[in-house]
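Residue-level structure breakdown
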Amino acid sequence: MTVPERGRLSDESGARGEVLAKVVVITSGKGGVGKTTTAAAFAAGLALRGHKTVVIDFDVGLRNLDLIMGCERRVVFDFINVINGDANLNQALIKDKRNDNLFIFPDFADARQGRAQARWGRACA
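Let us look at the structure shown here.

Cut-offs applied
- Residues numbered from 1 in each chain as written.
- Predicted model: local features only at pLDDT ≥ 70, side-chain atom pairs only at ≥ 80, totals over all residues.
- Heavy atoms only, no water.
- Core = buried A, V, L, I, M, F, W, Y, C linked by side-chain atoms within 4.5 Å.
- Buried < 20%, exposed > 50% of the residue type's maximum accessible area, 1.4 Å probe, protein only.
- Helix = DSSP H or I, 4+ residues; strand = E, 2+ residues; numbered from the N terminus.
- Contact = heavy atoms within 4.5 Å.
- Phe/Tyr/Trp six-rings, centres within 6.5 Å; stacked < 30°, edge-to-face > 60°.
- Pairing = 2+ DSSP bridges.

On to the nonpolar core, then. In this structure, Ala39, Ala40, Ala43, Ala47, Val55, Leu65, Met69, Cys71, Val75, Ile94, Leu102 and Ile104 together form the largest nonpolar core, which totals 12 residues. Counting only elements with at least two residues in this core, the list comes to α1 (35–48) and β5 (102–105). Looking at this core, the element that brings in the most residues is α1, giving four residues. For valine 75, the residues in contact, after removing those within four places along its chain, are Asp66, Ile94, Pro106 and Phe108. Listed in part, the six residues of the second largest apolar core include Ile80, Leu93, Phe103 and Phe105.

Applying the stated criterion across every chain yields a total of two aromatic pairs. Ring centres 5.1 Å apart and planes at 85° place the aromatic pair phenylalanine 58 and phenylalanine 79 in the edge-to-face group. Of this pair, phenylalanine 58 sits in the loop between β3 (53–56) and α2 (65–68) while phenylalanine 79 is found in helix α3 (residues 79–84), placing the two residues 21 residues apart along the sequence. Judged by its relative accessible area of 49%, phenylalanine 58 is partly exposed.

What follows covers the sheet that holds β3. In spatial order, the strands read β3-β5-β4; together these three strands make up an open sheet with mixed pairing. Looking along the sheet, the strands with just one partner apiece sit at the ends: β3 and β4 (94–95). Note that β4 and β5 share two bridges and pair antiparallel. Residue pairing for β5: isoleucine 94 is matched across the bridge by isoleucine 104.

Below, the structure written as structure tokens:
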């Protein structure tokens, strides 16, 4: 399995250029409003339309995306492993069993949470 490949897109002028990715962020300051469910459905829809799609769970410590996507038993490496340098992105991505265009990048809630949050905060500073 590899990270989804680069694509070629045209802009309004018809010029063609290399595009690494388009990013869609679903966010809210309030919990329990359906952000993870929306992200999972949106990603699945894009993948069904033929777009190589990675859906990422950035809710460190409150693992839900892999549960919603039905791949919780296939998590070997996760977001925290990648941040800590214990695994690379290709190792952490989980390919969806129903759609070859869909990849899940899970978070995992466990004892490493505090260390990972501290490292993530330093990396973003």
